[in-house]
There are 2 protein chains.
Amino acid sequence: MKTGKASIKFEKPPCIIGAASVVGKKEGDGPLGACFDQVEEDDKFGMDSWEMAESECQKRTFLAAVQDAQLADGRKPDFLFAGDLLNQLSASSFGLLDFQIPLLGLYGACSTMGEAMGMAAAFVAGGMADTAAAIASSHFAGAQKQFRFPLEYGNQRPYAATWTVTGSGSVIIASHPSVARCSEKLRPYAYITGVTIGKIVDYGVKDSTNMGAVMAPAAADTILQHLQDMGRRAQDYDKIITGDLGTVGQTILIDLLSKNGVDISGNHMDCGIEIYDAQSQDTHAGGSGCGCSAAVLCGHVLKKLLVGQWEKVLFVPTGALFSPVSFNEGQNIPGIAHAVVLEAAQ
Amino acid sequence: MKTGKASIKFEKPPCIIGAASVVGKKEGDGPLGACFDQVEEDDKFGMDSWEMAESECQKRTFLAAVQDAQLADGRKPDFLFAGDLLNQLSASSFGLLDFQIPLLGLYGACSTMGEAMGMAAAFVAGGMADTAAAIASSHFAGAQKQFRFPLEYGNQRPYAATWTVTGSGSVIIASHPSVARCSEKLRPYAYITGVTIGKIVDYGVKDSTNMGAVMAPAAADTILQHLQDMGRRAQDYDKIITGDLGTVGQTILIDLLSKNGVDISGNHMDCGIEIYDAQSQDTHAGGSGCGCSAAVLCGHVLKKLLVGQWEKVLFVPTGALFSPVSFNEGQNIPGIAHAVVLEAAQ
């Protein structure tokens, strides 16, 4: 079943039978605003802190995804694969506590949705579960406070900086559409036919306000590995969709791949570039955070696959393994990216 | 293959073909000191910071585990499942960077070794990989600085507090002993015949210096779920081995299980209690940290299984999902525990 050093091709591809996205006001005001299932006007989601707001966002997203999947007999997914940007994954711990589902906590920075989907798909494809959920989230204010400066400080942001998305996305993955979905709409959003797990890539970047430069080499590495392992060309995909490289990272990625003989200039899309109108929303290089790729996947990408507008896409969430502690101690910021192959149902 | 809501019984159980443990001086001075593969006298492992010391510890542990597995043709494991206690898993990121192996970063607090082994075993059992490695680590000074007080502050520690282990453990898991091991000693340390993935359990504990009280209910929940899913009794195991409950947590666990009709008083063992001599080493309730259960497993438990002294054990690393931020914002500290069934080769 294993096709290479980093890639898995699923003999019995699992499918996505439910999906949901919940975002904040700024994301709701952006170009994709109408795609998301819920747009919350209150940045605190009715809670007392940014952290609990993110937990509440995850909770709503997961509930909506389960509802969308219409699992038979009120069943819950067997396992939850979840992660976020907060230290100790506290958004996930408190957001998912009430559901009492076996939880596998993941940290892949902003690549977490790819990691979660890859592992959930592997569990289902390997016969370990009938259904599994993947979820990831981020919150602008919680992330700024933890990684950079409290908002009250009012620091200026360079043009290479990205804006952390307040939002969450969740998918419900099943071994077969009929296993779990009790409704008549048996067409799943998409099949997950393969994954490529990324390696840590360190290009020596030391600029904590330029995450695009950190993540682009990791995205390039994973995409090249994927194409090699699977014996495919970039043109085999309608879209190659990175997580949150932003405009700076996009340029680097296209350049790096081009030097390796791979041209994705015609079919590359970055969730971070799509989610905001950088000019009018003052988001500089684009959106970022685990919630960026997760929400754009669930709100936008999966719907394109569902209606058959796209047949095959490579979803590549990208993460900067940025630790303020190691950074302040002089270390580089390495990156990682995981790729998930999504194919429309025939 | 799935036997219950949280448990997986592997039809083709993967096996542990390599293992290694590296610890600090205090752990080397403890009752299990002679069991560990390496004892490093320098708390900084020759590095400039506590964080990089933990990375170096992981690096040495992984190298030793790979060497122990004697993989054919200098092969590396297909996938790495790794985690630690530092924010953004920075010990793993920098410790494992050089190996350039596809990495799945995990966060389960001190339950991480159980999570990593469960997922690595599932990948191998599901045919996603021939070999996979699990690794987890912690460092006393790095953990104190991040979670409580810098060492220079010299705070007093209550008797319910545990001492974070400086150390790391790593196992190499394979689909079959002969697949990867090129040596003549084809007897693996043990087979992983099943896992039970834990749920988040919140008993309302708000004492950040009593992790035993946080984790014991999670351990009880996972053990009860495991026995129910698998249709087993506690006595079916030579040992039920929790991660780092310490003496306070042990009492609570035995009590909670007893109230549910399960008696483990005769076959319970806690890695945190075993690793130090609490009286002479001033460690109060015991040892803790991801590295505690990981190092005791690899240095001590697996060797008992290898020589057949124990035939079947349930390894249950326990984690306190303690976030200083959410704690300071008034939240409880929830816990989680994952169980792995280890059986000696026949």
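Here the structure is a predicted model, which means the values were calculated and not measured.

### Here we look at the overall build of chain A
Tallying secondary structure elements over chain A gives 12 helices and 16 strands in all. For a compact globule of 346 residues, the expected C-alpha radius of gyration is about 20 Å, and chain A comes in at 18 Å, within 12% of that figure. Principal-axis analysis of the C-alpha atoms places the extent of chain A at approximately 50 × 50 × 35 Å. For chain A, with 346 residues in total, the buried portion stands at 66%.

### A few points about the side chain of Q146(B)
Here Q146(B) is to be found in helix α5 (residues 140-147). Exposure remark for Q146(B): the relative accessible area of 19% places this residue in the buried category. Reaching out from Q146(B), the side chain makes a polar contact with the backbone nitrogen of N87(B) at a distance of 2.9 Å. If sequence neighbours within four positions are ignored, Q146(B) has contacts with Q88(A), L85(B), L86(B), N87(B) and P324(B).

### Focus: unusual backbone geometry
Excluding glycine, a negative phi dihedral is what most residues carry, and trans is how most peptide bonds are arranged. All names here are of chain B. With a phi close to 50 degrees, F45 is a non-glycine residue in the positive phi region. Checked against the element boundaries, F45 lands in the loop between β3 (38-40) and α2 (50-69). A positive phi is found at A109, a non-glycine position, where the angle reads about 50 degrees.

### Structural notes on the nonpolar core
Soluble globular proteins tend to bury their nonpolar side chains together. Core analysis: the largest hydrophobic core is formed by 232 residues, its most contacted members being L342(A) and L342(B). Once residues lying within four places of it in the same chain are set aside, the contact partners of L342(B) are I16(B), M117(B), A190(B), Y191(B), I192(B), L297(B), L302(B), L305(B), E311(B), K312(B), V313(B) and F315(B).

### Overview of the relation of the copies chain B and chain A
Of the two same-sequence chains, chain B is brought onto chain A (RMSD 0.0 Å, axial shift 0.0 Å) by a rotation of 180 degrees. Expressed as an axis order, the relation between the two copies is that of a two-fold axis. Mapped onto chain A, 100% of the interface residues of chain B are again interface residues, and the two copies thus contact each other with one and the same surface.

### Quick look at the interface of chain B and chain A
Chain B puts 58 residues into the contact, and the matching count from chain A is 58 residues. Surface buried jointly by chain B and chain A totals about 4,700 Å² across both partners, of which 68% is contributed by carbon and sulfur atoms. Contact with chain A buries area across many residues of chain B, yet Q88(B), M128(B) and I200(B) alone supply 16% of it, more than any other trio. Taken together, the links from chain B to chain A amount to two salt bridges. Here chain B is connected to chain A by 14 residue pairs in polar contact (both at pLDDT 80 or more). Elements that contribute at least two residues to the side of chain B that touches chain A include exactly α2, β4 (79-84), α3 (90-96), β5 (103-105), α4 (112-125), α5 and α12 (324-328) of chain B. Considered class by class, the residues forming the side of chain B that touches chain A number 32 nonpolar, 17 polar and nine charged.

### Points about the environment of A320(A)
All names here are of chain A. Residue position: A320 is located in strand β14 (residues 318-320). For the pair formed by A320 and S168, sequence separation is 152 residues and the distance between their alpha carbons is 18 Å. Excluding its chain neighbours within four sequence positions, the residues that come into contact with A320 are A109, M211, V214, M215, I333, P334 and G335.

### With respect to the packing of aromatic side chains
Counted by the stated rule, this structure contains 14 aromatic pairs over all chains. In this structure an aromatic cluster arises from ring pairing among F79(A), F81(A) and F123(A). Residue placement shows K304(A) over the ring face of W310(A); its charged tip is 5.6 Å from the ring centre. The positively charged end of K312(B) is found above the aromatic ring belonging to Y237(B), 5.6 Å away from the centroid.

### Topic: the packing of helix α4 (residues 112-125) of chain A against α4(B)
For the pair α4(A) and α4(B), interaxial distance at closest approach is 9 Å and the crossing angle is 55 degrees. Classified by the interaxial angle, the pair formed by α4(A) and α4(B) is oblique. Seen from above, α4(A) lies across α4(B) with left-handed handedness. Taking contact as the criterion, the partners of M119(A), A122(A) and F123(A) in α4(A) are, on α4(B), M119(B), A122(B) and F123(B). Residues that form the contact of α4(A) with α4(B) fall into these classes: six nonpolar, no polar and no charged.

### Side note on the confidence of the model for chain A
Residue-level pLDDT values for chain A average 95, and 97% of them are 70 or greater. At the level of chain-chain contacts, confidence expressed as ipTM amounts to 0.97, with global pTM at 0.97.

### Overview of the side chain of S21(B)
Turning to its location among the elements, S21(B) is positioned in strand β2 (residues 15-24). Once residues within four sequence positions are removed from consideration, S21(B) is found in contact with C35(B), F36(B), D37(B), Q38(B), T61(B), S168(B), G169(B), A295(B), C298(B) and G299(B).

### Points about the environment of L32(A)
All names here are of chain A. With respect to the helices, strands and loops of the structure, L32 is situated in the loop between α1 (25-28) and β3 (38-40). A relative accessible area of 7% places L32 in the buried class. Considering only alpha carbons, one finds L32 and A161, 129 residues apart in sequence, at a separation of 21 Å. Once residues lying within four places of it in the same chain are set aside, the contact partners of L32 are E274, I275, V296 and H300.

### What to know about the pairing of strand β10 (residues 239-242) of chain B
Within a regular strand, side chains alternate between the sheet's two faces. Residue and element names in this part refer to chain B. Bridging between β10 and strand β13 (residues 312-316) involves four bridges; their strand directions are parallel. Within β13, the position partnered with I240 by the bridge is L314. Handedness of the β10-helix α8 (residues 246-259)-strand β11 (residues 268-270) crossover: right-handed.

### Describing the pairing of strand β6 (residues 131-138) of chain A
All names here are of chain A. β6 sits mainly inside the fold: eight of its eight residues count as buried. Here β6 shows two buried faces, one formed by T131, A133, I135 and S137 and the other by A132, A134, A136 and S138. Taken together, the six bridges between strand β4 (residues 79-84) and β6 define a ladder with parallel strand orientation. Among the inter-strand pairings, F79 is bridged to a residue of β6, identified as A132. Inspection of the sheet shows β6 paired to strand β8 (residues 167-174) by eight bridges, in the antiparallel sense. Paired with S137 across the two strands is S168, which belongs to β8.

### Some remarks on the environment of V307(B)
As for its placement among the helices and strands, V307(B) is situated in the loop between α11 (290-306) and β13. A C-alpha to C-alpha distance of 27 Å links V307(B) and R75(B), two positions 232 residues apart in sequence.

### Some remarks on α4(B)
The terminal C-alpha atoms of α4(B) lie 19 Å apart, and with 14 residues this matches the ideal 20 Å at 1.5 Å per residue to within 8%. Burial analysis of α4(B) places 14 of its 14 residues in the buried class, the great majority of the element.

How each quantity is defined
Residues numbered from 1 in each chain as written. Chains lettered and ligands numbered in written order. Predicted model: local features only at pLDDT ≥ 70, side-chain atom pairs only at ≥ 80, totals over all residues. Heavy atoms only, no water. Helix = DSSP H or I, 4+ residues; strand = E, 2+ residues; numbered from the N terminus. Rg over C-alpha atoms; globule rule 2.2 N^0.38 Å. Buried < 20%, exposed > 50% of the residue type's maximum accessible area, 1.4 Å probe, protein only. Polar contact = N/O pair within 3.5 Å; in protein donor to acceptor, adjacent residues only side chain to side chain. Contact = heavy atoms within 4.5 Å. Core = buried A, V, L, I, M, F, W, Y, C linked by side-chain atoms within 4.5 Å. Least-squares fit on C-alpha atoms with pLDDT ≥ 70 in both. Buried area = accessible area lost by both parts, 1.4 Å probe. Salt bridge = Lys/Arg side-chain N within 4 Å of Asp/Glu carboxyl O. Nonpolar A, V, L, I, M, F, W, Y, C, P; charged D, E, K, R; others polar. Phe/Tyr/Trp six-rings, centres within 6.5 Å; stacked < 30°, edge-to-face > 60°. Lys NZ or Arg CZ within 6 Å of the ring centre and 35° of its normal. Axes fitted to C-alpha atoms, helices over the stretch in contact; angles between N-to-C directions. Parallel < 35°, antiparallel > 145°, perpendicular 65-115°, else oblique. Left-handed = near helix turned anticlockwise from the far one by under 90°. pLDDT = per-residue confidence, 0-100. Pairing = 2+ DSSP bridges. Right-handed = clockwise from strand over helix to strand, strands pointing away. Expected span 1.5 Å × (residues − 1).

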